[in-house]
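Observations on the three-dimensional arrangement
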Amino acid sequence: MSQTDAAFADAREPAPESAVSVRGVSKNYGAVEALKNMSLEFPRGQLTSLLGPSGCGKTTLLKIIAGLIPADAGAVEVNGKTIRGPGDDRAFVFQDFALLPWANVLRNVAFGLELRGVAKSEREAIAEKYIANVGLAGFEKSFPHQLSGGMRQRVGLARALSVDAEVLLLDEPFSAVDEQTRRKFQEDLLSLVQNENKTFIFVTHSIEEAVYVSDQIAILLPRPSRVSEIIRPTSFRNKGVENIRRDPEYLDIVDEIWASLRSYVE
């Protein structure tokens, strides 16, 4: 067994319970088959990354799970129930922040709760908690145009957390920030996965990022998209966030994934 093989979850261990199940999902855009008979399980309380080259259907699959676009065939189940559209059990963190420009940070974070009819005092108390959790305490009255890109992304994450959805769907949420901020976000994300007891589904183009943050990595190959491999990095998870990138097995997994994807990169 290679070092990389040793870093994967033992196949003899019982599979964790799934929070989200994708069953035979297909999606076409005209003559283009984006997804064809895609099936995938997302373990409860863990972070799964969807990783692959551009055009392999990562965001399409994420939006189908969110209920933002319909599948042409197949089904998505959350807690064993087939979804029919968006729902309170899922929250989406967009790549482009999708903040309300006329609302301050507090209003933006509380907006989902406002739509649900939660009383103002209650929703603002919840929003303040998550604003603090993402490191923005003191910026409650600031407006999006007064914030850096990294701060705006934190607002989007706090908004998703505030509605207490069981499943958080993140579409390349760190792609628009600088490398230093991105690394800090990755560390913060690991803490959220550990502390929030939610299921995270995370789209990224970065192999290093996927290996760093993930309990499970689904490698997708392009068109029509298919799952080529499931990887579960395990051995370096308890060595501290500052040590993961130096771990030999982390580096081995990064190299192995790159070797499997190299020929698909244009």
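First, a word on scope: everything that follows refers to the structure included in this document. (Residues numbered from 1 in each chain as written. Predicted model: local features only at pLDDT ≥ 70, side-chain atom pairs only at ≥ 80, totals over all residues. Heavy atoms only, no water.)

**Focus on the pairing of strand β9 (residues 216-221)**
Where burial is concerned, most of β9 is hidden: six out of the six residues are buried. The alternating pattern of β9 places Gln216, Ala218 and Leu220 and Ile217, Ile219 and Leu221 on opposite faces, both of which are buried. In the sheet, strand β3 (residues 47-51) pairs with β9 via four bridges, with the strands oriented parallel. Its bridge partner being in β9, Leu51 is matched across the sheet by Ile219. Remark: four residues form the turn of the hairpin made by β9 and strand β10 (residues 226-231), two consecutive strands paired antiparallel. (Buried < 20%, exposed > 50% of the residue type's maximum accessible area, 1.4 Å probe, protein only. Helix = DSSP H or I, 4+ residues; strand = E, 2+ residues; numbered from the N terminus. Pairing = 2+ DSSP bridges.)

**Topic: the pattern of salt bridges**
Per the counting criterion, the structure on display carries 13 salt bridges. Residues Asp89 and Arg90 are paired through a salt bridge, measuring 2.8 Å at the closest nitrogen-oxygen approach. Among the salt bridges present, the one from Arg182 reaches Glu209, with a minimum N-O distance of 2.9 Å. With Arg182 in helix α6 (residues 179-196) and Glu209 in helix α7 (residues 207-213), this residue pair connects regions lying 27 residues apart in the sequence. Here the two residues Arg182 and Glu209 agree in accessibility, since each one is buried. (Salt bridge = Lys/Arg side-chain N within 4 Å of Asp/Glu carboxyl O.)

**Here we look at the sheet that holds strand β4 (residues 73-78)**
Read from one edge of the open sheet, four strands run β2-β1-β4-β5, paired in antiparallel fashion. Each end of this open sheet is capped by a strand with a single partner; those strands are β2 (32-43) and β5 (81-82). Relative to β2, strand β1 (residues 18-29) runs antiparallel, the two sharing eight bridges. Note on β2: the bridge partner recorded for Lys27 is Leu35. Along the sheet, helix α2 (residues 58-66) makes contact with β1, β2 and β4, crossing β1 at roughly 120°. (Contact = heavy atoms within 4.5 Å. Axes fitted to C-alpha atoms, helices over the stretch in contact; angles between N-to-C directions.)

In short, shape yes, function no, at least from these values alone.
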